[in-house]
Amino acid sequence: WTEAGRMAVARGANREAATAFESALSNLERMPETLQSKTQEIDIRIAFGPVRFGLRGHSQATEASFQRALTLAEGISDKRRQFQLLWALNFANYMAGRYMEALPAARRLLELASRDDDGGEQVEAHHAMWGILVMSGRPIEAIPHLEGGSALYQANRHSYLRYKYARHDPSA
């Protein structure tokens, strides 16, 4: 079901993808909880998130799904997946206009990004911080993050970020 969901996403068939991801999660609930099943659940919830946003906009169900996946990722000490999920929770709060609720996740993104090899996560973490700070009326505090992200960004290395996070280029 997971692969069917991904294939539906690739075709832009969000309703079909949602059905497939829901089936995949339902099947996992009946399986014993192992490292593999936890990892699969995290990956399904990560893939399902943008589909949920596309169908329903920001919703508590989407946020709860990301939170469940984050708890699992923390439980298995998977920093890469933690970063993706914190970014998603940050984005959900940002899009809902809850900037002060988005700030703790953005701060954690900065902490996790310091372990990133290619600098892409650092670029995204700074992008999250400056966006929140600007929108919450604190533009002076945003400047170091705007400058930090801009200094790290290299189009030839980081253009993939536009496809991974919110469908826009963080350098824009």
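Residues numbered from 1 in each chain as written. Predicted model: local features only at pLDDT ≥ 70, side-chain atom pairs only at ≥ 80, totals over all residues. Heavy atoms only, no water.

## Some remarks on the overall build of the chain
What the chain contains, in helices and strands, is ten helices and zero strands. Going from N to C terminus, the chain has its helices and strands arranged as α-α-α-α-α-α-α-α-α-α. Within the chain, buried positions represent 43% of all 172 residues. Long-range contacts, defined as pairs at least 24 residues apart, comprise 52% of the intrachain contacts of the chain with a sequence gap of at least 6. (Helix = DSSP H or I, 4+ residues; strand = E, 2+ residues; numbered from the N terminus. Buried < 20%, exposed > 50% of the residue type's maximum accessible area, 1.4 Å probe, protein only. Contact = heavy atoms within 4.5 Å.)

## Some remarks on the packing of helix 6 (residues 99–113) against helix 7 (residues 120–135)
Contact pair helix 6 / helix 7: the axes reach a minimum separation of 9 Å and the direction vectors enclose 155°. By the angle between their axes, helix 6 is roughly antiparallel relative to helix 7. Judged by the sense of rotation from one axis to the other, the crossing of helix 6 with helix 7 is left-handed. Together, Tyr99, Ala102, Leu103, Ala106, Arg107, Leu109, Leu110, Leu112 and Ala113 of helix 6 and Glu121, Gln122, Ala125, His126, Ala128, Met129, Ile132, Leu133 and Met135 of helix 7 make up the contact between the two elements. Of the residues in the contact of helix 6 with helix 7, the class split is 14 nonpolar, two polar and two charged. (Axes fitted to C-alpha atoms, helices over the stretch in contact; angles between N-to-C directions. Parallel < 35°, antiparallel > 145°, perpendicular 65-115°, else oblique. Left-handed = near helix turned anticlockwise from the far one by under 90°. Nonpolar A, V, L, I, M, F, W, Y, C, P; charged D, E, K, R; others polar.)

## As for the environment of Ile44
As for its placement among the helices and strands, Ile44 is situated in helix 3 (residues 35–56). Expressed as a C-alpha distance, the spacing of Ile44 and Ala69, which sit 25 residues apart in the sequence, is 9.0 Å.

## With respect to the pattern of salt bridges
Side-chain pairs of opposite charge can arise whenever the charged atoms involved come near each other. All told, the structure shown has twelve salt bridges when counted by the stated rule. One salt bridge in this structure joins Arg56 and Glu22, with 3.8 Å as the shortest N-O distance. Residue Arg56 is found in helix 3, and its partner Glu22 is found in helix 2 (residues 14–29); the two are separated by 34 residues along the sequence. Owing to a relative accessible area of 45%, Arg56 belongs among the partly exposed residues under this scheme. On the basis of relative accessible area, Glu22 is assigned to the partly exposed category, the value being 39%. Glu141 is paired through a salt bridge with Arg138; the nearest N and O atoms lie 2.9 Å apart. A residue is classified by how much of its surface remains accessible, and Arg138, at 22% relative accessible area, is partly exposed. (Salt bridge = Lys/Arg side-chain N within 4 Å of Asp/Glu carboxyl O.)

## As for the side chain of Glu124
With respect to the secondary-structure elements, Glu124 resides in helix 7. In this structure the side chain of Glu124 is engaged in a polar contact, spanning 3.3 Å, whose partner is the side chain of Trp87. (Polar contact = N/O pair within 3.5 Å; in protein donor to acceptor, adjacent residues only side chain to side chain.)

## Things to note about the nonpolar core
Among the nonpolar cores identified, the biggest contains 27 residues, and Ile42, Phe83, Leu85, Leu86, Leu109 and Ile132 are the most heavily contacted of them. Among the elements of the structure, helix 3, helix 4 (60–75), helix 5 (79–95), helix 6 and helix 7 are those that each provide at least two residues to this core. With eight residues, helix 6 is the largest single contributor of residues to this core. Listed in part, the eleven residues of the second largest apolar core include Ala17, Ala18, Leu25 and Leu28. (Core = buried A, V, L, I, M, F, W, Y, C linked by side-chain atoms within 4.5 Å.)

## Focus: helix 5
With 17 residues, helix 5 extends 24 Å between its outermost C-alpha atoms, agreeing within 8% with the 24 Å of an ideal straight helix rising 1.5 Å per residue. A large share of helix 5 lies buried, amounting to twelve of its 17 residues. Buried within helix 5 we find Arg81, Gln82, Phe83, Gln84, Leu85, Leu86, Trp87, Ala88, Leu89, Asn90, Ala92 and Asn93. A distance of 3.3 Å separates the backbone nitrogen of Arg80 from a side-chain oxygen at the start of helix 5, and that oxygen is part of Asp78. (Expected span 1.5 Å × (residues − 1).)

## Some details on the packing of aromatic side chains
Enumeration according to the criterion identifies five aromatic pairs in this entry. Measuring from ring centre to ring centre gives 6.1 Å for Phe53 and Phe66, while their planes differ by 40°; the resulting arrangement is tilted. With a gap of 13 residues between them, Phe53 in helix 3 and Phe66 in helix 4 connect regions that are remote in the sequence. Look at Trp87 and Phe91: their rings are 5.0 Å apart centre to centre, the planes differ by 10°, and that puts the pair in the stacked class. Within this pair, Trp87 and its partner Phe91 are both found in helix 5, separated by four residues, close to a single helical turn. With a relative accessible area of 9%, Trp87 lands in the buried category. One aromatic cluster is present, built from ring pairs that chain together Phe53, Phe66, Trp87 and Phe91. In this structure, Arg52 is placed above the aromatic ring of Phe48, and the distance from its NZ or CZ to the ring centre is 4.2 Å. (Phe/Tyr/Trp six-rings, centres within 6.5 Å; stacked < 30°, edge-to-face > 60°. Lys NZ or Arg CZ within 6 Å of the ring centre and 35° of its normal.)

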